[in-house]
Structure formats: structure tokens, C-alpha cells
Amino acid sequence: MGFSCGIVGLPNVGKSTLFNALTRSNVAAANYPFCTIDPNVGIVPVPDPRLDKLAQLVPTKKVVHTTMQFVDIAGLVKGASEGEGLGNQFLGHIAEVEAIAHVVRCFEDPEVVHVSGSVDPKRDIEIIDTELAIRDLSVVHAAVNRIERLAKAGDKKAVAAMQAYQPVLKALNEGKAARSVTGLSAEAKELVKTLNLLTAKPVLYVANVSEKEATGEESAAVKAVREIAKAEGAVVVLICGVIEAQIAALETEEERSEFLAAVGLKEPGLSRLIRAGYELLGLITFFTVGPEENRSWTVRGSAKAPEAAGKIHSDIQKGFIRAEITGYEDFIACGGEAQAKEQGKFRLEGKEYVMKDGDIAHFRFSV
């Protein structure tokens, strides 16, 4: 699994349409609020042309792409943190994902009702942010109340937790996200992490635009999203839900390529969204190749070789001896593993080796 990404936003901004297109699913995407109640989950293979190139050099029985999970979470409304629109249930769904893709409506369409009556990205983003922050405030207050007496009595764990929670509580009271808090120690970060705060999750903005704007000049609505994202250090991905739905309906890769060329796009929105998500979470991809299977795997950018081995099987991590590593570029340039060895591009790495994006790995282990 690559990572799990929750698709959030107000009702009728195009979340379910986008989910359908990305996962080629067929969930309801009707023109009324709360069309989605239970979260829809889709597992999507992560496109990576490097895996296709490796298959040309290493004949194999099957090619397996790493995957990511999209969770289509019901549209939130003002008052969600107090239960409006089944908001408490929906906010609980967000707590379960690793990252948030905040879909913002940037297109005008009189036939698609906007829950607030008009297209205004700044207002829409503020509504969602406020509801997430109010929910987080209640969580932090509850945590503080649980340990306050112990902290006053001098309990070391409670004192440490209070010190960790206070900067977060201050930020939330000022209308800022928990992820904006900096300077916490590693211990404090772990304590805050246990609260599973919604505003601590990394966010990328998905600007849902019209077909015309997908390849043309950006509208004032998109520019407004970019300004907000810039202030937060966040990423914006432009996607046209209508175009993505048309791409998803095509049967073959050739048809999709022809359609993309016709509308002036180089790749589907899925590819852009996944890349943005990987960058957001600091993820990398490594590969394993062989006659039975060529496969891509996802790990954190800071992962050491044994952790990467554990993605394949826990026994490999437990019995890790060494990793045989060839960089992707070297593997391709040399024409395969044997040639890479001859040219000194093949390395033996130990337990402290930090994996690099594109590493082609074979793990030696003993159990």
C-alpha cells in the first residue's frame, strides 16, 4: 500500500465524481448534499513508467504496481463539528487517513447546486478548516482535562504531555492548524501524534476546474486557492472532474493517450495527484525484479533497508542480513543487474542504509 488519502470538501464540489474517475468506481455522484454517507474506499495502482522499462530488461511472469487508497468522505458543512449533516461521523472517517486531499470547487455550473449558493474557494476552505479545528480543539481540551490533575501533582508523563499539548492548543485557539506548530521535541511530537488530530494531517488542495480551464488560463477562483496554499506551504493540483471521468471511461491505454493529446494534457489527474501526495508525505518507491515478479513498493523517504525489507515480508525484516542495491538509472544504463555488477554499480548495503527512490533491491535474510 502506498498511502491512504481522504478526499474531503463541501457537498457538490466534485469529490465523488473525482473518486469515480480516479478509481474507476461507480459510487453515487448525485446533485444534492450528503449523496455520500458511508465512506467509499478505492485501491488504485500507482502508475510508474520505470516499472514498465524494467520489464523490458527483466522478463517476468507479472508486473505489480504499488497501490494507494482513496477514501471518498461525505461532504462536510458548517456546523459539522457539532453534528450538522452527520458531521461527527464524517470527521471520524477523516481521522483514519494519512493525508487529506481537499477538493475545492472552482467551476461555475448553474445545473450543479452549490451548498452555499455561489463559488467562493476562500469561504469554502475556511468552512472546512474551521470545522476540523473545532473538532481538534475538543480533542485537545479533553486530553488536557484528563491529565491536568496528574500534571499538577508532578506526574512526569502528565507534565510532558501538558507541555506538548499547550502549543497546539494555542495554535488551534488562534485559528491555526496543528501542523503549523513548530519547534516541538521528538518526544512532544509523539505525544501530540497520539491525539490523531485532523489539522495535523498534511493537506493538498485539489482545484476542480472546468474543461476550458484545465488547459487554459487560470481563473480567479484557482488563483485564490493558490494564494491560500502558498501561505500554508501546501500544494495545489488542478483537475477537471469531467475530463477525468471521460478518461476513466476509455478501455485502452491507447485510447486514453489519444484523448489526453486531443484535450492538450500530458497525463491524467491521477498521476499528478499521486506525485503530489508522495511529495507531501515524503514517500519514495523502490523495486524488486525477477523472473516471477517485477514489483514497486512504497516506503518513507527516511526508511532504512530492514524497514523496506519488511514491506515485502516481516520475516525478511527480522532476519535481515544485507541488501543488494542498484540504482534505477544505473540499472537501465548498464542494461541489467549482471552488467551493473561488471561496471561497479552494484552495492552491498547493511542495516543502516537509507533507501533511495528508484533503488532496485534484493534482500538477503535468514530465519
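One structure accompanies this document, and this report is about it. In this text the structure is predicted, and so the values were computed from the model without any measurement.

## Considerations on the overall build of the protein
- When helices and strands are counted, the protein shows 15 helices and 12 strands.
- Taking all 367 residues of the protein together, the buried fraction comes to 48%.
- The contacts in the protein between residues at least 6 apart in sequence include a share of 69% that link residues at least 24 apart.
- Carbon and sulfur atoms form 51% of the exposed surface of the protein, whose accessible area is close to 18,300 Å².

## Comments concerning the nonpolar core
- The biggest cluster of nonpolar side chains holds 57 residues, and the ones touching the most others in it are M68, F70, C106, Y205 and V206.
- Apart from residues lying up to four places away in sequence, F70 is in contact with C5, I7, F19, L22, T23, N40, V41, G42, V44, L270 and L273.
- Core analysis: the second largest hydrophobic core is formed by 23 residues, I147, A158, Y165 and L172 among them.

## Focus: the packing of aromatic side chains
- Summed over the entire model, instances satisfying the criterion amount to 4 aromatic pairs.
- Measuring from ring centre to ring centre gives 6.3 Å for F286 and W297, while their planes differ by 15°; the resulting arrangement is stacked. Residue F286 is located in strand β8 (residues 283–288), and its partner W297 is located in strand β9 (residues 294–300); the two are separated by 11 residues in the primary sequence.
- Overall, the relative accessible area of 11% leaves W297 in the buried class.
- Through successive ring pairs, a cluster of aromatic residues spans F286, W297, F320 and F363.
- Over the face of the ring belonging to Y328 we find R50, whose NZ or CZ atom lies 5.9 Å from the ring centre.
- One Lys or Arg, R295, reaches over the ring of W297 and ends 4.3 Å from the middle of that ring.

## Observations regarding the sheet that holds strand β6 (residues 203–208)
- Read across the open sheet, the 6 strands follow the order β2-β4-β1-β5-β6-β7; overall the sheet is mixed. The open sheet has two edge strands with one neighbour each: β2 (40–45) and β7 (235–239). Ignoring strand direction, the axes of neighbouring strands in this sheet form an average angle of 25°.
- For β6 and β7, the ladder comprises 5 bridges, and the chain directions are parallel. From the neighbouring strand, Y205 faces β7, where its bridge partner is V236.
- Against the sheet, helix α8 (residues 220–232) engages β5 (99–105), β6 and β7, with an angle of about 155° to β7.

## Brief notes about the environment of P121
- Of note, P121 is situated in helix α4 (residues 121–152).
- Judged by relative accessible area, P121 falls into the buried class, the value being 6%.
- Distance from P121 to C106, taken between C-alpha atoms, is 6.7 Å for residues 15 residues apart in sequence.
- The contacts of P121, once residues within four sequence positions are left out, are V104, R105, C106, A221 and V225.

## Brief notes about the pattern of salt bridges
- Summed over all chains, the structure comprises 20 salt bridges.
- A salt bridge links K62 to E293; the nearest nitrogen and oxygen atoms lie 3.7 Å apart. Of this pair, K62 sits in the loop between α2 (49–57) and β3 (63–64) while E293 sits in the loop between β8 and β9, and the two are 231 residues apart along the sequence.
- Relative accessible area serves as the criterion here: at 22%, E293 is assigned to the partly exposed category.
- E337 serves as the salt-bridge partner of K341, at 3.7 Å between the closest nitrogen and oxygen. Separated by 4 residues within a single helix, K341 and E337 lie in helix α15 (residues 337–342), roughly one turn from each other.
- Among the residues examined, E337 registers a relative accessible area of 34% and is labelled partly exposed.
- The network of salt bridges with common partners includes D48, R50 and D357.

## Thoughts on a negative patch on the surface
- Residues E251, E254, E255 and E258 make up a contiguous surface patch of negative charge.
- Its place among the elements puts E258 in helix α10 (residues 253–263).

## Here we look at α8
- In this model, α8 (13 residues) spans 19 Å end to end at C-alpha, consistent with the 18 Å of a helix rising 1.5 Å per residue.
- For α8, the set of buried residues is A221, V222, V225, I228 and A229. Angular distribution of buried residues about the axis of α8 spans 125°; they occupy a single face of the element. More than 90 degrees from the buried face of α8, the exposed residues found are A220, E227, K230 and A231.
- Of the surrounding elements, those touching the buried residues of α8 are β5, α4, β6 and β7.
- With its phi angle positive at about 70°, G233 sits one or two positions after the end of α8.

Calculation criteria
- Residues numbered from 1 in each chain as written.
- Predicted model: local features only at pLDDT ≥ 70, side-chain atom pairs only at ≥ 80, totals over all residues.
- Heavy atoms only, no water.
- Helix = DSSP H or I, 4+ residues; strand = E, 2+ residues; numbered from the N terminus.
- Buried < 20%, exposed > 50% of the residue type's maximum accessible area, 1.4 Å probe, protein only.
- Contact = heavy atoms within 4.5 Å.
- Areas by Shrake-Rupley, 256 points an atom, 1.4 Å probe, with all protein chains shown as cover.
- Core = buried A, V, L, I, M, F, W, Y, C linked by side-chain atoms within 4.5 Å.
- Phe/Tyr/Trp six-rings, centres within 6.5 Å; stacked < 30°, edge-to-face > 60°.
- Lys NZ or Arg CZ within 6 Å of the ring centre and 35° of its normal.
- Pairing = 2+ DSSP bridges.
- Axes fitted to C-alpha atoms, helices over the stretch in contact; angles between N-to-C directions.
- Salt bridge = Lys/Arg side-chain N within 4 Å of Asp/Glu carboxyl O.
- Patch = residues over 30% accessible without salt bridge, like charges linked within 9 Å, V, L, I, M, F, W, Y side chains within 5 Å.
- Lys, Arg positive; Asp, Glu negative; His and termini not counted.
- Charge placed at Lys NZ, Arg CZ, Asp CG, Glu CD.
- Expected span 1.5 Å × (residues − 1).
- Arc of directions from axis to C-beta.

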